[in-house]
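Descriptive structure summary
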Amino acid sequence: MKLMLVGTRVAAVATAVMLLAGCGGSASRGGEGPDPEPSGSAKQGGRAADGGKTGATGATGATGKPDAKESTLPGALPSAYAFTPDPARVPKSAAQARKLTRDAALGEADWTAGMVRHTPYESGGTWPVLADSCVWSRSALPSGVLDRFTRRLDIPAREGRGRVQGAVTVTVHRSAAGADQEIKDTVQESFRCPQQELGGGGRLSGLMSLQFDQKDVRNADASLFEAGKYTGPESGGIQDYVWTKSRIGPVTTAVSVKGAKGYRNSDLLRIAAEGGAKVLYRVELELK
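Description of the structure in this document. Keep in mind it's a predicted model, so treat the numbers as computed, not measured.

A short note on the nonpolar core
Counting residues in each nonpolar core, the largest one holds 39 residues, and the members touching the most others are W111, I248, V257 and L287. Looking at this core, the elements that each hand over two or more residues are helix 2 (94-104), strand 4 (145-155), strand 5 (164-173), strand 8 (222-231), strand 9 (239-248), strand 10 (251-258) and helix 4 (265-287). Considering every element that reaches this core, the biggest residue donor is helix 4, with eight residues. For V257, the residues in contact, after removing those within four places along its chain, are W111, V164, Q165, G166, D240, Y241, V242, L268, I271 and A272. Counting residues in hydrophobic clusters, the runner-up holds 15 residues, among them L204, Y230, W243 and A254.

Looking at the packing of aromatic side chains
Under the counting rule described, the total for this entry stands at one aromatic pair. Measuring from ring centre to ring centre gives 6.4 Å for Y81 and F83, while their planes differ by 50 degrees; the resulting arrangement is tilted. Note on accessibility: Y81 and F83 belong to one class, buried. One residue, R102, lies across the ring of F149, its end atom 4.2 Å from the ring centre. Taking NZ or CZ as reference, R161 lies 3.8 Å from the ring centre of Y263, over its face.

Criteria and thresholds
Residues numbered from 1 in each chain as written. Predicted model: local features only at pLDDT ≥ 70, side-chain atom pairs only at ≥ 80, totals over all residues. Heavy atoms only, no water. Core = buried A, V, L, I, M, F, W, Y, C linked by side-chain atoms within 4.5 Å. Buried < 20%, exposed > 50% of the residue type's maximum accessible area, 1.4 Å probe, protein only. Helix = DSSP H or I, 4+ residues; strand = E, 2+ residues; numbered from the N terminus. Contact = heavy atoms within 4.5 Å. Phe/Tyr/Trp six-rings, centres within 6.5 Å; stacked < 30°, edge-to-face > 60°. Lys NZ or Arg CZ within 6 Å of the ring centre and 35° of its normal.

Quick look at the structure:
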């Protein structure tokens, strides 16, 4: 029975991964979306509590990425991600990084209709650390990180449904290698700590993370997905929790969504996918 449940969860997460991997890019450029919060890495200091293989087929260009083949369908995504940041636009200082994170992070009018500011709304300049006890805390930014910034947005309770909590985090590393290590380390955190204490009475449980195969990612250099359960103040009981993190060059983005009464897991996946696609597009605009 236990093996069957694990297998079911793996299949569900894999399905969600495919859904999220296929979202974003050119098809989302005109829209508005939701709020994510990123996770940090254990090696670099942990990840926010709220917050690839190069196996694609085809020729590779000078960047080492598969050559993108544009579809002829209107609004369709390319067959492979081929964006390369302009070196002149990549932040070299903390001040430049702070400008990028604040310009790229989604606000209440940017994610999905009807979102409002959470309290607190913004936070930045610290790094989340997941201790061996699986309790989250915060520390100063690691030397390899220029800035990290989070905005929190909620869908208010209405018509018998509870309040959904969303968060979006943008982090700028000094190098693409550092950002990639954050992605890799984050995947391991759910295996190391499937139950996590967020502080303030919040708790995540049953966590499972999977990294997308790069051939399935169309709007970032790397992406991962995490799912589990959330309980905490005003949660109204045990709720679904979904979280996605992506990387474009030295920048990582993260979007988390904590469920509420009246929302299905598929609703949360849609909200997370929308927010994730929009913040990635905004990062591209900052780097092109």
